[in-house]
Amino acid sequence: MDLLERDGSLQTLGDALREAGAGRGAVVLVSGEAGIGKSALVERFTRTRCDGARVLWGACDALFRPRPLGPLHDIAEQAGAGLRALLQDGTARPALLAGLLDELKRGGRPTVMVVEDAHWADEATLDLVKFLGRRIERVPALVVVTYRDDELGPRTPLRTVLGDLAGARAVRRLPIPALSVGAVRTLAGDRDVDAAALHAQTGGNPFFVTEVLAADGSGIPASVRDAVVARAARLSRSGYAVLEAAAVLGARAESWLLGELVVSEAAAADECVAVGMLVARGEALAFRHELARQAILEQIPPARALALHRLALRALDASPAGALDPARLSYHAEAAADEEAVLRLAPEGARRAAKAGAHRAAKALYARALRCAHALAPCGQASLLEAYAEECAAVDDLDDAIAAHRRARELWRQDGDLQAAGGNLAVMATCLVRAGRNAEADEICGRAVEGLELLPASRELALAYRTRAHLRMLDRDTAEAIAWGEKAIAMAQRFRDADTLAAARNTVGTAMLLGGDARGRAMLEESLALAREAGLDGLVALAYTNLGSAYGECHDFRDADRYLGEGIAYASERDLDHALLYMQAWQALTHLAQGRWTQAGELGGAVVRRPSASAISRIAALIALGRLRARRGDPGAGAALDEALALALPTGTLQRVGPVRAARAEAAWLAGDRERARGEAEAAWELAVGHRHPWFTGELAYWRWRAGERVAPPTWTARVYAREIAGDWRNAAAEWERRGCPYERAQALAGGDRPAQLTALGVFDTLGGRPAAEALRRLLREEGMHQIPRGPRKVNREHPFGLTTREIEILRALDRGLRNAEIGERLHISPKTVDHHVSAVLAKLEVGSRGAAARLAREHGLLGGAEDAPPK
């Protein structure tokens, strides 16, 4: 297994060994917390970088009473008979140490002597380390001493030795740092793991990281638990009591609060700090690793845990700090089995979290309240379920949202509140449509409208009208959408319902924009302002989503970029995953259209890799990836577009089916299969014409025409497509240029005169559009042209993933686990340039991490048989 981010440390040890070989010996003190990888580093060093050197290895033991000179006894077994004899004879310490020095000088080759875990060393071994530190300078030996720096208290004997060696010229210190988030991401590889969260949980400790990954997320690994518990067992009884209380209090244990929980043992907190179990952070104490806290928490007997949580709840509830953090109080309340307190505190914490944009936290808090809600009246439970469903929908957990709505509806009906039950149906319909279940959404929305129209006018009826308008807009039934939306606006104004008013204006504005009415932008921006003023995060994000996607669908990509960029930033800050992923998928499409193919691949791939991505986000991302692969001639285009079609067909909507069919028609045409291209375009033709959609109709007509069919597009077809079909390639190319679409411009130019064709060829080559470039070169040869410009260099063209020579070098470096700075140093380029190359490699390989790239490279033999050779 590769050692990540340890090349610098190995280099330091290697340099010290080379100097030792020249007669200038050294002691290197390798320090770091438990699990940081000290032993792994030294083992790798002795195995891979000590050719020609003699290696002697000794270790101190974690025994109650350490062996006197334990490491020296280990070393003597591997060294000459003289040293063993000195130990067996009970030789006095000065002569014994002098004998060790003679042993290190023996043999005519350098010696590497390792003393592991010196934090457990007996005094005689520590004297040995000090002795060598002061005399090693003229000896051809490298002495490597490892120790845990987080277990050294002020009176630990090793600390005294380290102080004594502070001025020794032959002593070097080599602290081992924690892994970066990037290294954790590499270790995670293709696993569905949030690398940043895992890094935060483990502090970048390689042992904890690898153990958690090996356990595949199923709780705390036994190895981690055993290591933590064994370490805590060395504490006194009072020290362990403090540790338990700190574990109960969470990530941060304020000193005053800790004192409330362990009054008589509070003074033992210093002991926990001294052994490295806790660290001081301002006025509080904290575990060095969250995993360690969880391991201790698991060991606390239930009765004691209950008592500690009750003490924490009482102390916090009585303090000003508690009023500021109902979420924390609700945690202790649940653990203290105080359901009344949970129902008082958890919903309040959830509302505050949602208001702050922390929707995952809000969802978790509502779930906590629901676990204690069995004694509430049906209406109370239903209200909690709807609030929980809203937060589930915000983070794109649609299955849970739909299930919660169904339970809430039954409770409303039990309670006899038919208006609330109808409103529930209207909201559930929006979740269903986001999940790609449009037919179900239409059916229950119709039931909601019919049921609510039998009752007096209400806010719920306004909501149902708006939902119906939204569904019609998604179907691209513009006139119907506007009509239902205007009914919703009128009723929402009557009941002063800001939520429904903002949502209805959003729907009407979007329908207008998609119908070619530019006044829709003003309506949508008004909706955006209303939502912002009312603090409606979801509707703010929806306004950005619809502005960005509507402009994208109408091929106004610069406007789409603006709104998508602002919306992605907004949704990202507030955990609004549904809106975030959908906008990212749309941004992948706008990147593709504007020739930013690398970014399109990165973003589309990122969305597809998210297991929680909704069907509609996945469809858009798969279209971007499928079209990109088809245009590049890369493998996998068919698979992406097959999946997109399978997801789109059940929706039955032009919005989803139209772009998938158009993308499949393009892929078929690029593959030289004109019949299939025509079939794909015809499959969505009636749907597009029936909805009078100018852009979908235009593109489908275009592919039918390119497939050899005589096509007479309707007069309302998007002008740029109509011009190309009519043979007006010059004006079509100019319009594509104005819209910022280089590939489409090149396609238009390819149908023009010779200068235009050569311009098109250059654009295809620059973008990496290999199939289109090859087709055009064939055409030029058939037309008798001999001096056809050559395409990209052969090595790039022949590489299965289109990697350049430099990118292959970068890939080899990634396979060796090098950081950007190390790669840059070896390739004589800046880290920023390295970062650019790494992004290009990940995009071309369509993977999300450096580790995944390395694995794919090995699987496909992309390293050229030079895996072991360092980059030049």
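Residues numbered from 1 in each chain as written. Predicted model: local features only at pLDDT ≥ 70, side-chain atom pairs only at ≥ 80, totals over all residues. Heavy atoms only, no water.

Chemist: Outline the overall build of the protein, listing residues and values.
Modeler: From N to C terminus, the protein includes 48 helices and eight strands. Dimensions of the protein along its principal axes, counting C-alpha atoms only, are 105 × 85 × 35 Å. Residue burial in the protein is summarised as follows: out of 872 residues, 55% are buried. Restricting to contacts in the protein with at least 6 residues of sequence separation, those with at least 24 account for 63%. Here the protein has roughly 37100 Å² of accessible surface; of this, 51% comes from carbon and sulfur atoms. Of the charged side chains in the protein, 113 are positive and 114 negative; the average position of the first set lies 4 Å away from that of the second. (Helix = DSSP H or I, 4+ residues; strand = E, 2+ residues; numbered from the N terminus. Buried < 20%, exposed > 50% of the residue type's maximum accessible area, 1.4 Å probe, protein only. Contact = heavy atoms within 4.5 Å. Areas by Shrake-Rupley, 256 points an atom, 1.4 Å probe, with all protein chains shown as cover. Lys, Arg positive; Asp, Glu negative; His and termini not counted. Charge placed at Lys NZ, Arg CZ, Asp CG, Glu CD.)

Chemist: Report on the packing of aromatic side chains, specifying residues and quantitative values.
Modeler: Evaluated as defined, the whole model comprises twelve aromatic pairs. Each ring, one from Tyr702 and one from Trp703, has its centre 4.9 Å from the other, and the planes form 75°; the classification is edge-to-face. Classification of Trp703 by relative accessible area gives buried; the value is 1%. Centroid distance Tyr702 to Tyr721: 5.7 Å. Interplanar angle 50°. Geometry classified as tilted. Placement of the pair is Tyr702 in helix H38 (residues 694-706) and Tyr721 in helix H39 (residues 719-725), with a sequence separation of 19 residues. Residue classification places Tyr702 among the buried positions, given a relative accessible area of 2%. Judged by relative accessible area, which is 5%, Tyr721 ranks as buried. The structure contains a cluster of three or more aromatic residues connected by ring pairs, namely Trp669, Trp695, Tyr702, Trp703, Trp705, Tyr721 and Trp736. The ring of Tyr465 is capped by Lys487, whose NZ or CZ atom sits 4.6 Å from the centre of that ring. The ring centre of Trp685 lies 4.6 Å from the NZ or CZ of Arg704, which sits over that ring. (Phe/Tyr/Trp six-rings, centres within 6.5 Å; stacked < 30°, edge-to-face > 60°. Lys NZ or Arg CZ within 6 Å of the ring centre and 35° of its normal.)

Chemist: Before we move on, can you summarise empty space enclosed by the protein with the specific residues and values?
Modeler: This model, assessed by the stated rule, comprises two cavities of 30 Å³ or more. Lining the largest cavity we find 31 residues, and of these His555, Leu589, Arg627, Pro659 and Glu699 sit closest to its centre. Elements supplying a minimum of two residues to the lining of the largest cavity: helix H29 (537-553), helix H31 (577-593), helix H33 (615-632), helix H35 (654-670), H38 and helix H41 (742-750). Among the elements that line the lining of the largest cavity, the one with the most residues is H33, at six residues. Along the lines of polarity and charge, the residues of the lining of the largest cavity split into 18 nonpolar, five polar and eight charged. (1 Å grid on protein atoms, 1.4 Å probe; cavity = no way out; pocket = protein on both sides within 12 Å on 5 of 7 lines; lining within 4 Å. Points joined across faces, edges and corners; volume = space filled by probe spheres on them. Nonpolar A, V, L, I, M, F, W, Y, C, P; charged D, E, K, R; others polar.)

Chemist: Give a detailed account of the pattern of salt bridges, specifying residues and quantitative values.
Modeler: Working definition: two side chains of opposite charge can pair if their charged atoms are close together. Evaluation of the coordinates by the stated rule reveals 53 salt bridges. Salt-bridge contacts for Asp765 lead to Arg777; the nearest nitrogen and oxygen are separated by 2.6 Å. In this pair, Asp765 is assigned in helix H42 (residues 754-767) and Arg777 in helix H43 (residues 770-782), connecting sequence segments twelve residues apart. Just as Asp765 is buried, Arg777 falls in that class too. (Salt bridge = Lys/Arg side-chain N within 4 Å of Asp/Glu carboxyl O.)

Chemist: Tell me about the nonpolar core, and name the residues and values.
Modeler: Judged by nonpolar contacts, the single largest core of 220 residues is most densely connected at Val228, Val242, Leu243, Leu258, Leu278, Phe287 and Phe764. For this core, the element with the most residues is H31, which contributes eleven residues. Once residues lying within four places of it in the same chain are set aside, the contact partners of Phe764 are Tyr743, Ala746, Gln747, Ala750, Gly769, Ala772, Ala773 and Leu776. If you look at the next biggest cluster of nonpolar residues, it comprises 40 residues, including Ala79, Val115, Leu162 and Ala170. (Core = buried A, V, L, I, M, F, W, Y, C linked by side-chain atoms within 4.5 Å.)

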